[in-house]
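Coordinates in review
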Amino acid sequence: MRSLADILSVAPWVELEKHIDHLRERVDAAVLASHGRREQLRSEILSDNPRLRSQIRRPSPEKMEWAKSLLRSGIVAASDGTVAAVPLLSGTKIQVGVVIVTNTGESVRLVTRVFEHELTTAGDTAREFFENLRKVHGSSNLASRALMLFGERQILLAQEADWRMIHGELIPYELRTGVGRPKENLPPVFDLVRRYVRDQQFIAVSESPEDLDVLNAGIVLEPGEFIELRTLTDDLTGFLDGDENAGTTKAGFNNMDRATFRSFIAEVGPEVTILLMKAGHRPFLLECHRDRVEEAAALFLADALWTRGLPDKGVTVTARGFPFHIDLADNVARTMFKGGEFRTFIETRLMELGVEHGLTDLDPRRTRG
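Okay, so let's go over this structure. (Residues numbered from 1 in each chain as written. Predicted model: local features only at pLDDT ≥ 70, side-chain atom pairs only at ≥ 80, totals over all residues. Heavy atoms only, no water.)

On to the overall build of the chain, then. A count of helices and strands for the chain gives 15 helices and 8 strands. Counting across all 369 residues of the chain, residues that qualify as buried make up 44%. Sequence separation of at least 24 residues holds for 68% of the intrachain contacts in the chain that already meet a minimum separation of 6. Here the chain has roughly 20,400 Å² of accessible surface; of this, 53% comes from carbon and sulfur atoms. (Helix = DSSP H or I, 4+ residues; strand = E, 2+ residues; numbered from the N terminus. Buried < 20%, exposed > 50% of the residue type's maximum accessible area, 1.4 Å probe, protein only. Contact = heavy atoms within 4.5 Å. Areas by Shrake-Rupley, 256 points an atom, 1.4 Å probe, with all protein chains shown as cover.)

Helical geometry note: an α-helix holds 3.6 residues per turn, so side chains three or four residues apart project in the same direction. Under the 1.5 Å per step criterion, the end-to-end length of helix H13 (residues 324–336) is 18 Å for 13 residues, consistent within 8% with the ideal 18 Å. Buried residues of H13: His 325, Ile 326, Asp 327, Ala 329, Asp 330, Val 332 and Ala 333, and no others. (Expected span 1.5 Å × (residues − 1).)

Here the focus is the packing of helix H8 (residues 182–199) against helix H11 (residues 255–268). In a pair of packed helices, the angle between the axes and the distance between the axes together describe the arrangement. Taken N-terminus to C-terminus, the directions of H8 and H11 make an angle of 5°; their axes are 11 Å apart at the nearest point. Judged on the interaxial angle alone, H11 and H8 are roughly parallel. Of the residues in H11, those in contact with Pro 182, Lys 183, Leu 186, Phe 190, Val 193, Arg 194 and Val 197 of H8 are Asp 257, Thr 260, Phe 261, Phe 264, Glu 267 and Val 268. Considered class by class, the residues forming the contact of H8 with H11 number 8 nonpolar, 1 polar and 4 charged. (Axes fitted to C-alpha atoms, helices over the stretch in contact; angles between N-to-C directions. Parallel < 35°, antiparallel > 145°, perpendicular 65-115°, else oblique. Nonpolar A, V, L, I, M, F, W, Y, C, P; charged D, E, K, R; others polar.)

Trans peptide bonds make up the majority, and among non-glycine residues the majority have a negative phi. In the Ramachandran plot, Val 179 falls in the positive-phi region, its phi being about 50° despite a non-glycine side chain. Tracing the backbone through its elements, the reader meets Val 179 in the loop between helix H7 (173–176) and H8. On the accessibility criterion, Val 179 (25% relative accessible area) is partly exposed.

Quick look at H8 now. In this model, H8 (18 residues) spans 25 Å end to end at C-alpha, consistent with the 26 Å of a helix rising 1.5 Å per residue. Buried residues of H8: Pro 182, Leu 186, Val 189, Phe 190, Leu 192, Val 193, Arg 194, Tyr 196 and Val 197, and no others. Just downstream of H8, Gln 200 is the residue with a positive phi angle, here 75°.

For the rest of this paragraph, the subject is the environment of Asn 185. Note that Asn 185 resides in helix H8. Since its relative accessible area comes to 27%, Asn 185 is described here as partly exposed. With 10 residues separating them in the primary sequence, Asn 185 and Leu 175 have C-alpha atoms 8.2 Å apart. In contact with Asn 185, other than residues within four places in its own chain, are Gly 178 and Val 179. A polar atom in the side chain of Asn 185 sits 2.7 Å from the backbone oxygen of Gly 178. (Polar contact = N/O pair within 3.5 Å; in protein donor to acceptor, adjacent residues only side chain to side chain.)

Time to look at the pattern of salt bridges. For the structure shown, the criterion picks out 19 salt bridges. Across the salt bridge formed by Asp 28 and Arg 24, the nearest N and O atoms sit 4.0 Å from each other. With Asp 28 and Arg 24 both in helix H3 (residues 23–48), this residue pair falls 4 residues apart, about one helical turn. Taking relative accessible area as the criterion, Arg 24 reaches 67% and is therefore assigned exposed. We note a salt bridge from Asp 191 to Arg 194, for which the minimum N-O separation is 2.7 Å. Residue Asp 191 and its partner Arg 194 are both found in helix H8; the two are separated by 3 residues, about one turn of the helix. (Salt bridge = Lys/Arg side-chain N within 4 Å of Asp/Glu carboxyl O.)

A few words now on the side chain of Glu 287. Take Glu 287: it is sitting in strand E8 (residues 283–289). With no salt bridge to any partner, buried Glu 287 finds its closest opposite charge in Arg 176, at an N-O distance of 5.5 Å. At 3.5 Å, the side chain of Glu 287 forms a polar contact with the backbone nitrogen of Leu 170. The residues touching Glu 287, leaving out its near neighbours within four places in the chain, are Glu 169, Leu 170, Phe 202, Ile 203, Ala 204, Leu 232, Val 272, Thr 273 and Ile 274. (Lys, Arg positive; Asp, Glu negative; His and termini not counted.)

The structure is reproduced here in structure tokens:
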């Protein structure tokens, strides 16, 4: 990384009018150079790793036909959710909305669930109250996201479906932590994951991280291709023990909770395979059962492309390349459960119940003119 002084010496501050001059030409040159660099890197990586080419796969035509048939006549369900957290003097008011989209081939059905709760503060003295309030406000984001993620996965599993699609990792970071109480919170998370693994017919799709191995694999892949990166064992072990290469520290569990987590990894980790998959230009991580890899990859491609009217073998013209039904659940959730409306409703009630108390609870930044 160059120093700030070096950067400013070649790209100094300029007036807006001068900045706009030739902006299009500079952006075009940067984009074309980046694309050319990708092609160069792809050739270099494949040349240096000839065995890598044999590890890159595409779903067979038979599996692609199976996936399209499933989307025409089977039952595919996808989930997503939203969360809104509003700090109050006594704690944090949260609203979690979850949407399940179920496609039966002939119709699409929506299931909506809402959870509302207040993470309150307790304390026998003023000092204890405000010390606990700081902890509640500090942990409310993690807790509210954990509630949303657990709800998405639990409600989705309760729906009748041949295959289920999860937005995000099968067991995301917020659920891995145990939200400050691993002894109580990890067992239901582990049980939920076990049920998905026993069922086998699921895919969990998330944005690809920016680690070097994934970036290399993403450059090598063409649209419609996938490569098996690792197992869930590798991911969870990295979380539990820390990963120096990834810059993560080990989980802050006591010895008993650590042993419980390690036992869960040994039981479930090898059963889940993590793929890097491309339908378009952008790669995504896909988690699935180790015995359903090709089916999961085919369903990903069919839903990301064929459902949208695009060729199912992978195309460069799609900017998204992400499963349609997860996107649909996300769009419905953000439309029906708008965090801004929840916050505005609470602020309106605060003001109507008493201006002085309302102004105490309102975020000062929200009162700017």
